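Chain by chain, the residues run as shown.
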Amino acid sequence: MLIPVLFVFMLGVAPLILTAMWSFWPETDYWIRPGFTLFAYQKFFTTGQYITFLKTLKVAAIVTALALVIAYPIAYFIQKIVSLKYRHILLTVFIVPFFLSYIVRVFSLRLILGTYGIINNMLVGLKIVPEPLPWLLFSEFAVIVGLLSSNLPFMIFPIVMSLTRVERSTLEASQDLGASFFNTFTRIILPLTKPGIFAGCIFVFIMSLGSTVEWDLLGGVGELSVSQMLVSLMSALRLPSVFAISTLILVIMVGLLWLGIRYAQIDKLFESLQR
Amino acid sequence: MRQAQVRSSLERNGLRVLVAVAIAFIFTPSLYILIISFEPSLLPRIPAWNEISLKWYRELFQQWRLPGALKQAALDASLTAVFTGVLALFAGLTYRELKNKAYFLALLTFPIFIPGVIMGLSLSVFFKLLHLRPSLWTVVLSHTLYALPFATIVILVSFSSLKESLIEASHDLGAGKFKTFKDVIFPLTRNGILGAALFGFLLALNEFIRAYMVSGWQETLSIYMFGQMKSGADPSIYALAGLILSISILLILLALLYYAFIRKRSAITEG
């Protein structure tokens, strides 16, 4: 009965541990051998690799912040304002994007944001701008739009789950005691939904950091992302660099998860399932 | 008081608009490409009502690489659905009996947090180390790992409505573990298991980067499609996108109808 545990450990955890270990192994011809060297990390900081890394981190942070600001009110609306029937409908609506091809979604955005796409046609047609905006596509802007469109549901669901911890009676008690909505929000709702906020932010940040398709199809020429860099290093069989960069991302991921568990109790998110 | 009411209804409408805009933002791209796939001319645009045509779909099925990719995708998605369903079921059964539920759940949901490209890269090297050649099976294993966290959550939600007393009653009446599973647990959680398998199927069908990294020469539909998109091929690419969307939408609708039917039936038998 422990098969699922073994499965996840063998394929989900062990390869990552090995990746981290291999990142310290010296390179041979197109492969690696046991040993210890920091060469791959040195290369990361002395060649331009870290610039690409930082740029991707920046975009991931922007996407995460935007997603949080948009998703929080939506989650609140779903969990606390609408009737049970509409809650089910809205939750179903926001699950559907998980099941639709993200490559198709991103490819379609290319048509929508292009020089002669619907957005530019509309802007020019309504005489808002004199000529099509060139920066709508093949730019950081396009990447951010694509990542947001793909990842918004990942932010909505954890927050909805954490909002179930906010009891209606608590909110009413706070109101009865004369607290303004602002006070109720900052002192009751926000602390109780911290696990959801953190989990959602970690999801979206990591997803954006590791995204390939959005950058490939929407990003500008010469604007590489970390994962594109990884794919091209992999096809050139520069394995130590591949492992070192992956390890850095894993360190960020594990660090964020640790912070989330330590300071936001993100493990409480599934409380309702742990009876 | 009145003022507060006016303000709160204003806020409510503001939130409604935000939700509508977010839904439009998430769904417009998918719907847009589905619509333009019926435009017969070479230009990607919304077809006039009387010009709707399946021309590019016919063209699509002339391509010699498509049948292979379709077959791979169907096999991959079906096998992933079975593996995910079974593993998630085991996870659900184990979870009930565990003391340290939090650790178990943390481990099983952990793969959600691994970026696709890193999961793909580390698995491709790991498989190589185990002398597992890139094949349909390596793709299926990667996709099962990807879908399992989602499926586990679905299963646990469905198991959480399973009353412990029913299982105890079954044991008290002398039923063994297997009989209890077959006659009590399975009938009550069947829909959760189906839901978990559905997650496996649809996530595998639409996943790209992991499959791309571990597949070798086996093309799934998503890999084939990505290649076509990068090379900027003819408008049959819109038909291909339309095809993969239609398959997903059809399955989602079937699932929704099924669950609506179940709910209605249980409402009738209970009420």
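Bear in mind that the values here come from a model prediction, so they are computed numbers and not experimental data.

Definitions and cut-offs
- Residues numbered from 1 in each chain as written.
- Chains lettered and ligands numbered in written order.
- Predicted model: local features only at pLDDT ≥ 70, side-chain atom pairs only at ≥ 80, totals over all residues.
- Heavy atoms only, no water.
- Helix = DSSP H or I, 4+ residues; strand = E, 2+ residues; numbered from the N terminus.
- Rg over C-alpha atoms; globule rule 2.2 N^0.38 Å.
- Buried < 20%, exposed > 50% of the residue type's maximum accessible area, 1.4 Å probe, protein only.
- Contact = heavy atoms within 4.5 Å.
- Areas by Shrake-Rupley, 256 points an atom, 1.4 Å probe, with all protein chains shown as cover.
- Buried area = accessible area lost by both parts, 1.4 Å probe.
- Salt bridge = Lys/Arg side-chain N within 4 Å of Asp/Glu carboxyl O.
- Nonpolar A, V, L, I, M, F, W, Y, C, P; charged D, E, K, R; others polar.
- Core = buried A, V, L, I, M, F, W, Y, C linked by side-chain atoms within 4.5 Å.

**Student:** Tell me about the overall build of chain B, and please be specific about residues and values.
**Tutor:** Across its full length, chain B carries eleven helices and zero strands. Listing the helices and strands of chain B from first to last along the sequence gives α-α-α-α-α-α-α-α-α-α-α. A compact globule built from 271 residues would reach a C-alpha radius of gyration of about 18 Å, whereas chain B, at 23 Å, exceeds it by more than 25%. Along the three orthogonal principal directions, the C-alpha set of chain B runs to about 70 × 70 × 35 Å. Counting every position in chain B, which comprises 271 residues, the buried fraction comes to 49%. Contacts in chain B between residues at least 24 apart in sequence constitute 71% of all its contacts with a sequence separation of at least 6. For chain B, the computed accessible surface area is about 13800 Å², with 67% contributed by carbon and sulfur atoms.

**Student:** Describe in detail the interface of chain A and chain B, supporting the description with residues and values.
**Tutor:** With 74 residues of chain A in contact, the opposing surface of chain B contributes 80 residues. Of the roughly 7300 Å² buried between chain A and chain B, counting both surfaces, carbon and sulfur atoms make up 85%. One can count one salt bridge joining chain A with chain B. Here Lys-230 of chain B and Asp-216 of chain A are joined by a salt bridge, their closest N and O atoms 3.7 Å apart. The element that contributes the greatest number of residues to the side of chain A that touches chain B is helix H1 (residues 3–22) of chain A, accounting for 14 residues. In terms of residue class, the side of chain A that touches chain B is made up of 59 nonpolar, eleven polar and four charged.

**Student:** Summarise the nonpolar core; cite the residues concerned and give the values.
**Tutor:** If you look at the biggest cluster of nonpolar residues, it comprises 169 residues, and the most contacted ones within it are Ile-103 and Leu-230 of chain A together with Ile-33 and Met-225 of chain B. Top contributing element to this core by residue count: helix H7 (residues 140–163) of chain A, with 14 residues. Other than its neighbours up to four places away in sequence, Met-225 of chain B contacts Ser-101, Ile-103 and Val-104 of chain A together with Ile-237, Leu-240, Ala-241 and Ile-244 of chain B.

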